[in-house]
Structure formats: structure tokens, C-alpha cells
Amino acid sequence: MPRHYYSIRMRAAKDGTHISGAEGIYERRDVLDIIRRYTSRALTHEKGRAEEIRLTIEELKERPKRIPSLPLCTVNTRNPQMVKKVAKDLLMSVGITERAIDEAFTAITMGIVMRGAMLMNIEGVRLEPDLLRGVRVTRMGITRSASLTLARRLGRLGLNNTTVKEALILASKVHRHPMVLGELCISDDPNYTTGYVATRRYGYVRLPHIKGRGSPYGGRAFFITGGEVNTLIKYLQTTPVLINRIGPCRGVVSIKDILEGKSRH
Ligand code: PML
């Protein structure tokens, strides 16, 4: 019998501001448990108890595309200046211009937190149709067994938390698309100061101290090339993608080893 999959998405708000969100793709037998888990997460969020919780449960008409997660590692960056240098080393080596990277850092650190990601061409020109909202990546998830493997691998590195897991799942979906060359992400959580740069060539590279503690800004920029922007947006927003294999998860690696390909198995 064919399996039915559901996309479940949760968004919670307090005083009209977004405080937490979650999403995944699940089999029918798991739907009730997940709704309970998401609701409890919204009610106990550290930013305060949600006053409004929106849950969307949608049966998927398309069979989710199975993909592996990006390989993960961390560079021992010590301050925002060092992060910028490492981000440039990685992103420029896949063809993104320095101007575009500076533009992305400036736009993200300017303070307007967008709901979705910016899309930029490799020269730094913004391409998303709605410059205020950006493009939200949705309809991605992880299978139960891949999730257990990921928890085990991240656990060995002391990184088994929802922030890292969800960011890795999102980036793995995004970088599966050939139009996406690279990504810069800074969390908008004032207490979360590790960001990442992702590319297909080097994987998901975590960058500690990307911003100072207490800074409320954050966001994502996807650097894109070639093809039709609307096709990419449709993929990011609507194509269901399920992680079913976990790529290598490594601890601290030097930028030199990453650039020389020594950090990949
Ligand atoms: C977010 O807040 O969603 C971004 C999370 C970035 C996670 C970086 C990491 O620690 O791997």
C-alpha cells in the first residue's frame, strides 16, 4: 500500500510577533504525536508562552524526494571579522563575488529581520520578488531512522539540538538545487552566535562568533546563478524533500583542510 505523507508546520506568536516555528514531513501514523510535540514546544518556548499557535497539516500529493544531508563541520572562528574572512574564502572559491558577500553581511546585519531568505545573484543584486518577506523554505523533513543517526552523530560533537538539526535539514534541501551556489546564515536569536556558510562543494560549515551576544538581527542569503528564479522559488517553497541519509558530521576542521578537500570523507 502506498504511504501517505503529511507536511506539518507550526508557527507561534505572542503579542503579534513570531516566537517559534517548526516543520517536518511525516507518515500518517506519526501525525498526532507530532502535533502534540509541536504544540508543547510553542507553549514552553523560552521567548514566552505562545498566544496564537497555527498548525498546518497538509497531505502531500507528491512523493517526497529523498536526499542525503550535507556534510557538517565547524571552523574555529573567534570573532565576526574572522568569520567574514572564512565566509569569503569559502563563498568566493565557488564563484560568488566579494561584493555579493559584503552585500549579504550588510543586509543581514542591518537589523530588518525577514521571515524568509534573500536571493542574490553572484554580483549581490537582490532577486526575490518580495524584498521585505524574502523566500521561505518549506516542505522538508527527515525520516525517523535518519533522524536517529543524525542525533547520534551530532551528539558525539555536543551539537544534538533542534537549532542545528533544523538548519542542516533546511540547507540540505536548498543546496540540492543546481541554481543555488552558496548560503550565508546568521541566527536571529540574540543568544545564538554560531552561523554557517553552506555550499555543495564544502557542505555545511558552522562558524562560531558570527555576531556578538545580544544582537537581535539575523537572516539568510542564498547566492544563486543561472536558470529561472521562479522555478527555484517553487522548488524551495513547495517541493517536498525528505532527508533519508546522513552525511559525515565532523568537529572542528581548519579552513585550509576544507578548501583542500581534506575535510570530506
Ligand atoms: C536559525 O536560527 O534558524 C539559524 C540557525 C543556525 C545554526 C547554526 C549551527 O549551529 O549549526
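Observations concerning helix H2 (residues 80-92)
Spanning 13 residues, H2 covers 18 Å between terminal C-alpha atoms, matching the ideal 18 Å at 1.5 Å per step. Looking at H2, one finds that the buried residues are Val83, Val86, Ala87, Lys88, Leu90 and Leu91.

A word on the sheet that holds strand S12 (residues 241-245)
The 3 strands lie next to each other as S4-S12-S7, forming an open sheet whose pairing is parallel. A single partner strand is all that each edge strand has here, and the edge strands are strand S4 (65-68) and strand S7 (140-142). Each adjacent strand pair in this sheet contributes to an overall mean axis angle of 35°, direction not counted. The pairing of S4 with S12 spans 4 bridges and is classified as parallel. Within the sheet, the bridge partner assigned to Ile67 lies in S12 and is Ile243. On top of the sheet, helix H4 (residues 144-156) reaches S7 and S12; it is set at about 70° to S7, its chief contact.

Re the side chain of Ser215
Position of Ser215 relative to the elements: it lies in the loop between strand S10 (203-207) and strand S11 (219-224). Among the residues examined, Ser215 registers a relative accessible area of 15% and is labelled buried. Polar contacts involving the side chain of Ser215 include one to the main-chain carbonyl oxygen of Gly212, which spans 2.9 Å. Every residue in contact with Ser215, bar those within four places of it in the chain, is listed here: Asp189 and Pro190.

Side note on the site of the ligand
Taken together, Thr163, Val164, Ala167, Cys185, Ser187, Tyr192, Thr194, Tyr196, Tyr204, Arg206 and Arg220 form the complete shell of residues around the ligand. With respect to the ligand, the side chain of Ser187 contributes an N or O atom lying 2.8 Å from an oxygen atom. Here Tyr192 contributes a side-chain N or O atom positioned 2.5 Å from an oxygen atom of the ligand. For the ligand, whose accessible area on its own is 340 Å², the fraction buried by protein is 86%. Breaking the shell around the ligand down by element, the ones donating at least two residues are helix H5 (162-174) and S10.

Concerning the side chain of Arg9
Structurally, Arg9 can be placed in strand S1 (residues 5-14). Among the residues examined, Arg9 registers a relative accessible area of 15% and is labelled buried. When neighbours within four sequence positions are excluded, Arg9 is seen to be in contact with Ala22, Glu23, Arg54, Leu55, Thr56, Glu58, Thr138 and Arg139.

A word on the sheet that holds S1
Pairing is antiparallel in the open sheet, where 3 strands are placed in the order S2-S1-S3. In this open sheet, the two strands that pair with only one neighbour each are strand S2 (17-27) and strand S3 (52-59). On average, each strand axis in the sheet is inclined to that of its neighbour by 10°, with strand direction left out of account. Relative to S2, S1 is paired through 10 bridges, and the arrangement is antiparallel. Note on S2: the bridge partner recorded for Ser7 is Ile25. Lying over the sheet, helix H1 (residues 31-43) contacts S1, S2 and S3, oriented at roughly 165° with respect to S2.

What counts, and at which threshold
- Residues numbered from 1 in each chain as written.
- Predicted model: local features only at pLDDT ≥ 70, side-chain atom pairs only at ≥ 80, totals over all residues.
- Heavy atoms only, no water.
- Helix = DSSP H or I, 4+ residues; strand = E, 2+ residues; numbered from the N terminus.
- Expected span 1.5 Å × (residues − 1).
- Buried < 20%, exposed > 50% of the residue type's maximum accessible area, 1.4 Å probe, protein only.
- Pairing = 2+ DSSP bridges.
- Axes fitted to C-alpha atoms, helices over the stretch in contact; angles between N-to-C directions.
- Contact = heavy atoms within 4.5 Å.
- Polar contact = N/O pair within 3.5 Å; in protein donor to acceptor, adjacent residues only side chain to side chain.
- Near = heavy atom within 4 Å.
- Areas by Shrake-Rupley, 256 points an atom, 1.4 Å probe, with all protein chains shown as cover.

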